[in-house]
Amino acid sequence: MSDEHGLHLLRQMLRIRRFEERCVELYSRSAIRGFLHLAIGEEACAVGVTEALAPDDAVVATYREHGHALARGISMREIMAELEGKLEGSSKGRGGSMHIFDAVARFYGGNAIVGGGIPLAVGLALADHLQGRRRITACFFGDGAVAEGEFHESMNLAALWHLPVLFCCENNLYAMGTALERAQSETDLSLKAASYRVPSWNVDGMDVVAVEEAARRAGEVVRDGGGPHFLELRTYRFRAHSMYDPDRYRDKAEIERWKERDPIPALTADLGAAGILAEGDLDRLEKEVEAEVDDAVAFADAGTDEDVSDLERYVMSEPRPGAT
Ligand SMILES: Cc1ncc(C[n+]2csc(CCOP(=O)(O)OP(=O)(O)O)c2C)c(N)n1
Ligand SMILES: [Mg+2]
């Protein structure tokens, strides 16, 4: 790994972390309302996988998708404006936190339905396959989604039709307040993919370099026509499921143990030990990231509240020319 790339990975994870920490502040002053799911602690998954993708590959994510959108290159301004419900947001403020979307970046959401993105990813990959395009679709979902019927139907079709999907399961051990072992009889999720003959790997989701390496290796095979692959990224969210969740179902000692594996200090230490991150570099990086977050918040705060007269816009399609 080049020095530059190591610093880039750190910068991307810091951008996501500081962005989401600012979201907490904005939520407390009601600038962001409704549902808000943070992925603090899980940044290595979004960054590592996205680094392995080409610009015209597609990404499908979940409601916990700020990090994936930022890593994919959607501007922080547009994402923050979306969270604040402003017209300048990536979905014109109509979607909010769970529905960031950008067709140019081939970022196909944000989805409020657990497992809802999985068949969409298979459809995108089917289109690429039929058109003979050498592209892959990375599909992120949680451990909870693996218990949904959509996961099983999608996995079966993707394997049967040999479709170019990289399935990325962010296994953070909980689906809302339910621990994995209380909800699923088989807790090694990679075995579920293997039962559809989809090659599957367990990956340390707290190690961004390990995630990127696994995603590159699997992604190349998928791109070369090797059919779908499945990565089980073992990770942990440091905060509650959403802003509404009092988080009473997890042992505090368990949370502290996982925080010791925080992907950001871990990479910082590795880069320092390798002589890549010199004295003062981290402060500089933090200041740059802070300035980007400040700018995004100022942009969103100054954004436009859509007029109520527009309420029905986009609900029905515009009349077609010549239609009676
Ligand atoms: C089909 C469906 N069922 C239930 C819900 C309610 N719900 C929202 S998030 C969630 C937990 C999902 O957990 P997981 O897939 O592990 O993702 P995580 O939140 O841990 O990232 C549930 C059950 C939903 N949104 N959609
Ligand atoms: Mg989960």
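As the structure is a computational prediction, the values presented were derived from the model and not from experiment.

**Q** Please explain the overall build of the protein chain as it appears in this structure.
**A** Along its length, the protein chain carries twelve helices and seven strands. A compact globule built from 324 residues should have a C-alpha radius of gyration of about 20 Å, and the protein chain, at 20 Å, falls within 12% of that. By its C-alpha atoms, the protein chain is 60 × 50 × 40 Å across when sized along the principal axes. Classification of the 324 residues of the protein chain by burial places 52% in the buried group. A separation threshold of at least 6 residues defines the contact pool for the protein chain, and within that pool the share at least 24 residues apart is 75%. Counting only carbon and sulfur atoms, one obtains 51% of the accessible surface of the protein chain, whose full area is about 15200 Å². In the protein chain, 36 positive and 56 negative side-chain charges are present, and the distance between their average locations comes to 2 Å.

**Q** Hey, could you run me through the coordination of the magnesium ion (ligand 2) in this one?
**A** In a perfect tetrahedron of four donors around a metal, the angles come out at 109.5 degrees. In a perfect octahedron of six, they are 90 or 180 degrees. Protein-derived coordination of the magnesium ion (ligand 2) comes from Asp143 (OD), Asn172 (OD1) and Tyr174 (O), at a distance range of 2.1 Å. On the primary sequence, the residues serving as donors to the magnesium ion (ligand 2) are separated as D-x28-N-x1-Y. A single burial state applies to asparagine 172 and to tyrosine 174, both of which are buried.

**Q** What am I meant to see in unusual backbone geometry here?
**A** Peptide bonds are trans in most cases, and residues, glycine excluded, mostly fall at negative phi. Residue leucine 173 is not a glycine yet carries a positive backbone phi of 75°. With respect to the helices, strands and loops of the structure, leucine 173 is situated in the loop between β3 (165-171) and β4 (174-175). Not every positive phi belongs to a glycine, and aspartate 247 is a case in point at roughly 60°.

**Q** Before we go on, may I ask you to explain helix α5 (residues 117-131) in this structure?
**A** Since one α-helical turn is 3.6 residues long, residues separated by three or four positions face the same way. Given a rise of 1.5 Å per residue, 15 residues ought to cover 21 Å, and the 21 Å separating the end C-alpha atoms of α5 matches this to within 8%. Every buried residue of α5 is accounted for by Gly117, Ile118, Ala121, Val122, Leu124, Ala125 and Asp128. An end-on view of α5 places all buried positions within 160° of arc, on one side of the element. Across α5 from its buried face, at more than 90 degrees, point the exposed residues Leu130 and Gln131. The secondary structure elements touched by the buried residues of α5 are β1 (58-60), β2 (137-142), α6 (149-160) and β3.

**Q** Sorry, what's going on with the pairing of strand β6 (residues 200-204) here?
**A** The side chains of a regular strand alternate between both faces of the sheet. Sheet analysis places β6 next to strand β7 (residues 229-234), joined by five bridges and oriented parallel. Following the sheet pairing, serine 200 is matched in β7 by phenylalanine 230.

**Q** Is there a simple way to think about the site of ligand 1 in this case?
**A** Taken together, 15 residues surround ligand 1, and among them Tyr63, Arg64, Gly144, Asn172 and Tyr174 come closest. At 2.9 Å, a backbone N or O of alanine 112 approaches a nitrogen atom of ligand 1. One of the side-chain nitrogen or oxygen atoms of asparagine 172 is found 2.8 Å away from an oxygen atom of ligand 1.

**Q** Help me understand the packing of aromatic side chains, please; the structure alone is not making it clear to me.
**A** Where two aromatic rings form a pair, the distance of their centres and the angle of their planes describe that pair. Tallied over the entire structure, the rule returns nine aromatic pairs. With 6.2 Å between their ring centres and 80° between their planes, phenylalanine 151 and phenylalanine 230 make a pair best called edge-to-face. Of this pair, phenylalanine 151 sits in helix α6 while phenylalanine 230 sits in strand β7, placing them 79 residues apart in sequence. A relative accessible area of 1% means that phenylalanine 230 is categorised as buried.

**Q** What should I look at first to understand the side chain of aspartate 262 in this one?
**A** Turning to its location among the elements, aspartate 262 is positioned in the loop between α10 (252-259) and α11 (263-273). Engagement of the side chain of aspartate 262 in a polar contact is seen with the backbone nitrogen of isoleucine 264, the distance being 3.0 Å. In contact with aspartate 262, not counting residues within four places along its chain, are Arg17 and Phe238.

About the thresholds
- Residues numbered from 1 in each chain as written.
- Chains lettered and ligands numbered in written order.
- Predicted model: local features only at pLDDT ≥ 70, side-chain atom pairs only at ≥ 80, totals over all residues.
- Heavy atoms only, no water.
- Helix = DSSP H or I, 4+ residues; strand = E, 2+ residues; numbered from the N terminus.
- Rg over C-alpha atoms; globule rule 2.2 N^0.38 Å.
- Buried < 20%, exposed > 50% of the residue type's maximum accessible area, 1.4 Å probe, protein only.
- Contact = heavy atoms within 4.5 Å.
- Areas by Shrake-Rupley, 256 points an atom, 1.4 Å probe, with all protein chains shown as cover.
- Lys, Arg positive; Asp, Glu negative; His and termini not counted.
- Charge placed at Lys NZ, Arg CZ, Asp CG, Glu CD.
- Donors = N, O, S within 2.8 Å, 3.2 Å for Na, K, Ca; no water.
- Expected span 1.5 Å × (residues − 1).
- Arc of directions from axis to C-beta.
- Pairing = 2+ DSSP bridges.
- Near = heavy atom within 4 Å.
- Polar contact = N/O pair within 3.5 Å; in protein donor to acceptor, adjacent residues only side chain to side chain.
- Phe/Tyr/Trp six-rings, centres within 6.5 Å; stacked < 30°, edge-to-face > 60°.

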